[in-house]
Amino acid sequence: MSIIRLPLAVRTEADHEASAAPPGRALRVALVNMPWARVHAPSIQCGLLQSITRRAGHECDSHYLNIEFASWFGSNAYDGIANIASERLHLMGEWLFSYAAFGEVTPDDDYFAAYPEVKSIWDELTGKGLEDLVKLRRERLPDWIAECAARPVWGEYDVIGFTSTFLQNTASLALGRKIKEFHPGVTLVYGGANFDGEMGAEYARKLPWLEHVVTGEGDLVLPALLKNIADGTDTPIPGILRHATTDTSPTADGSPTADGSPTTDASPTADAQRPQVLDDLPVPDYRDYFTWLERFDRTRLLGRTPVRLPVEFSRGCWWGQKHHCTFCGLNALGMAYRSKSGERAFTELSELLRDYPVVHIDTVDNILDMGYFSSLCAQLATEHWDVNLFFEVKANLTREQLSTLRSAGILRIQPGIESLSTHVLQLMRKGASKLINIRLLKWAAYYGIDVAWNILAGFPGETEEDYAEQLRLLPLLHHLQPPGGCGRIWLERFSPYFTDPSFPIDKVRPRASYSHVYPASLDLEKIAYFFDYEATGTVSHETVAALNDAVSHWQTRSTEAKPSLVYQRLPEKLTLIDRRTDRPRRAVLTGWKADAYEACGDAPRTAAAITRRLASLDPTVPEDEVTALLEQCCRAGVMVSDDGKYLGLALPENPGW
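None of these values were measured; they are calculated from a predicted model.

Helix and strand counts for the chain come out as 28 helices and 25 strands. A globule of 657 residues ought to have a C-alpha radius of gyration of about 26 Å, and the chain, at 27 Å, matches this closely. When the backbone C-alpha atoms are referred to their principal axes, the chain occupies close to 90 × 55 × 50 Å. Counting over 657 residues, the chain shows a buried share of 58%. Long-range contacts, defined as pairs at least 24 residues apart, comprise 76% of the intrachain contacts of the chain with a sequence gap of at least 6. Put simply, the chain shows about 26,000 Å² of open surface, and 51% of that area lies on carbon and sulfur atoms. Charge-centre separation for the chain: the mean point of 66 positive side chains lies 4 Å from the mean point of 86 negative side chains.

Structure below.
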């Protein structure tokens, strides 16, 4: 799960002193984590805000209703819907809770006609038909929401906060609306990625039970808002939007009540004050997650799936600050990169591993702080902990850096490869090349690091040859980890493709599925995160389909045939052993030729650079002979080239080098 951020705002010393002042009274605060948040991990939003709220002098509990719902709904079906790859097309998870939140939006038959794949998904998950799905949406889910909302426990709180990211929106809106009916004295606060920018402003204007909406990071503004509530004051807070009417009960269609236009504490573009020194943030509190997990039978819910504890060591993206990837909508309106010190990151990780029964840790950072190689990673490597860490990284990591990750227990990475075409990568502003991406796949395979990656298409300016090149390349890489899938990009709010009119993208409109989820009283242009569009200068659907087929073939061979391409190094010779196809091959390179091949292993190099490396061994080898050897290796499929550089594909057979 990725967290969307707003731009960095300057926080004055007076602001810090004001927020640090104790509240007039201690409030009781509840934070709610709704479906379809994943069950095998706690909410880092709830965990962090719970610690922040307690540090501000208030009581705070986290309610993991996603866990309760998964137990009621069935964990297999829950996980199936929560992890649907095509969710961005049909918004099935949001559609399911839409009736509970808003009542009738469009007829169910219209939705099924627009998205026939929903029937197949439901059949596969449950073995039941559309009649059962309609009953679930129109009766069982509203009843579950009503039963939850009627519980007396909500009336014991002063403030109830909902954090909403991606598929949690309609479930959160539905429960909040119903809670206000049963417990009108409770104050509701909404925040999270689904409320960034004008999305949050539109919800605040139109949905009266959203009394306060946090747009952007809540670390500093939530304690300030709670102090307002506790003190009975109404000090404006940038980043807090307020639906102000004399009657805050929701109307039938979800529009503001009849007292006039709602007002807000800040304009839609006002920045929430953001922490600039992340070391000052507390460690997230996940105790309530494990309490709820045990209450609803952890073994039955998770089976053998391990709990993955989320941590946050940085915010923003240091690469995006310089070159915002054209299709990326993460970090909302700001990319300002802030990172915890390596010492603090190590201390926090140690505390979490000590206090909770986990070995799997997932960072939610958008990119690894390169300074961690000499701090956090180096320290972890000396501890020899049996930890399994996940990080998002940039794809230009060297062999030595990947070795360091392995020693530190970082066994899972997401490097943002996205393509094996240098031209397409340039269109993305990735700052990588075909050979850089292959190098990462190669040495990650050698060090046993799992790589999460996909191949994307649909970038204006791409050519058919860009994808024909990749189709020729893919069979040579069958000994490396295949991508998880292949498909066209989707258009995200906040991405350069969305915000920059210079790109040849037009007819931009909210994804059609939003009209089946949200009522007409909400402006879909303002609340949508995903958009339909038309783009010129992209490849045909047939080309993308052919690449998708090639990826599927790679995935099948990877699991069934387990292809390999290795080399054995012995004195003055190098033996290549190729088992990527059903007909194994073997070739022997001797003398300087063995040295030349191995010199292309760690990183891409030119023939001139290799000739210089060979000079100390045999100064008589001319560059044209070196070039001829490298080209011969490319024709044999044991090496690839790009822009005058060459990279060997074979892995050392010796696992300890």
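Moving on to the side chain of Asp365. Along the chain, Asp365 turns up in the loop between strand 10 (360–363) and helix 17 (376–383). At a separation of 3.0 Å, a polar atom in the side chain of Asp365 contacts the main-chain amide nitrogen of Phe313. One polar contact links the side chain of Asp365 to the main-chain amide nitrogen of Ser314, over a distance of 2.9 Å. Dropping the residues within four chain positions of it, Asp365 is found in contact with Val311, Glu312, Phe313, Ser314, Phe391 and Glu392.

All right, on to helix 8 (residues 117–126) then. Taken together, the buried positions of helix 8 are occupied by Val118, Ile121 and Trp122. The buried residues of helix 8 occupy one face: seen down the axis, they fall within an arc of 95 degrees. Looking at the buried positions of helix 8, the neighbouring elements they touch are helix 3 (65–73), helix 4 (75–82), helix 5 (87–90), helix 6 (92–102), helix 7 (108–114) and helix 9 (130–149). Immediately beyond the C-terminal end of helix 8, within one or two residues, lies Gly127, with a positive phi of roughly 75 degrees.

This part covers the sheet that holds strand 11 (residues 388–392). Read from one edge of the open sheet, five strands run 7-10-11-12-13, paired in parallel fashion. Across the chains shown, the open sheet's two edge strands, defined by having one partner strand only, are strand 7 (308–311) and strand 13 (450–451). Relative to strand 12 (residues 410–414), strand 11 runs parallel, the two sharing four bridges. By the bridge assignment, Glu392 is partnered in strand 12 with Gln414.

Time to look at the sheet that holds strand 4 (residues 187–191). As summarised here, the arrangement of the six strands in space is 2-1-3-4-5-6, forming an open sheet in which the pairing is mixed. Either end of the sheet is taken by a strand with one partner, and the two such strands are strand 2 (59–64) and strand 6 (240–242). Each adjacent strand pair in this sheet contributes to an overall mean axis angle of 25 degrees, direction not counted. Pairing of strand 1 (residues 28–33) with strand 3 (residues 159–163) involves four bridges; the strand directions are parallel. Bridged to Leu31 within strand 3 is Gly161. In the packing of helix 2 (residues 44–55) onto the sheet, the strands contacted are strand 1, strand 2 and strand 3, and the crossing angle to strand 2 comes to about 165 degrees.

We now examine unusual backbone geometry. The residue after Pro35, namely Trp36, is reached through a cis peptide bond having omega 10 degrees. Locating Trp36 in the fold gives a position in the loop between strand 1 and helix 2. We note that Phe166 has phi near 55 degrees; this positive angle belongs to a residue other than glycine. For Phe166, the location among the structural elements is in the loop between strand 3 and helix 10 (169–182).

Below, the discussion takes up the pairing of strand 18 (residues 530–535). In this structure, strand 16 (residues 491–492) lies alongside strand 18, joined through two bridges in antiparallel fashion. Bridging across to strand 18, Leu491 finds its partner in Phe531. As defined by bridge partners, strand 17 (residues 505–510) adjoins strand 18 across four bridges and the pair is classed as antiparallel. Within strand 18, the residue paired with Ile505 across the bridge is Ala535.

What counts as what
- Residues numbered from 1 in each chain as written.
- Predicted model: local features only at pLDDT ≥ 70, side-chain atom pairs only at ≥ 80, totals over all residues.
- Heavy atoms only, no water.
- Helix = DSSP H or I, 4+ residues; strand = E, 2+ residues; numbered from the N terminus.
- Rg over C-alpha atoms; globule rule 2.2 N^0.38 Å.
- Buried < 20%, exposed > 50% of the residue type's maximum accessible area, 1.4 Å probe, protein only.
- Contact = heavy atoms within 4.5 Å.
- Areas by Shrake-Rupley, 256 points an atom, 1.4 Å probe, with all protein chains shown as cover.
- Lys, Arg positive; Asp, Glu negative; His and termini not counted.
- Charge placed at Lys NZ, Arg CZ, Asp CG, Glu CD.
- Polar contact = N/O pair within 3.5 Å; in protein donor to acceptor, adjacent residues only side chain to side chain.
- Arc of directions from axis to C-beta.
- Pairing = 2+ DSSP bridges.
- Axes fitted to C-alpha atoms, helices over the stretch in contact; angles between N-to-C directions.

Honestly, that's just the spatial picture; any functional story needs more than this.
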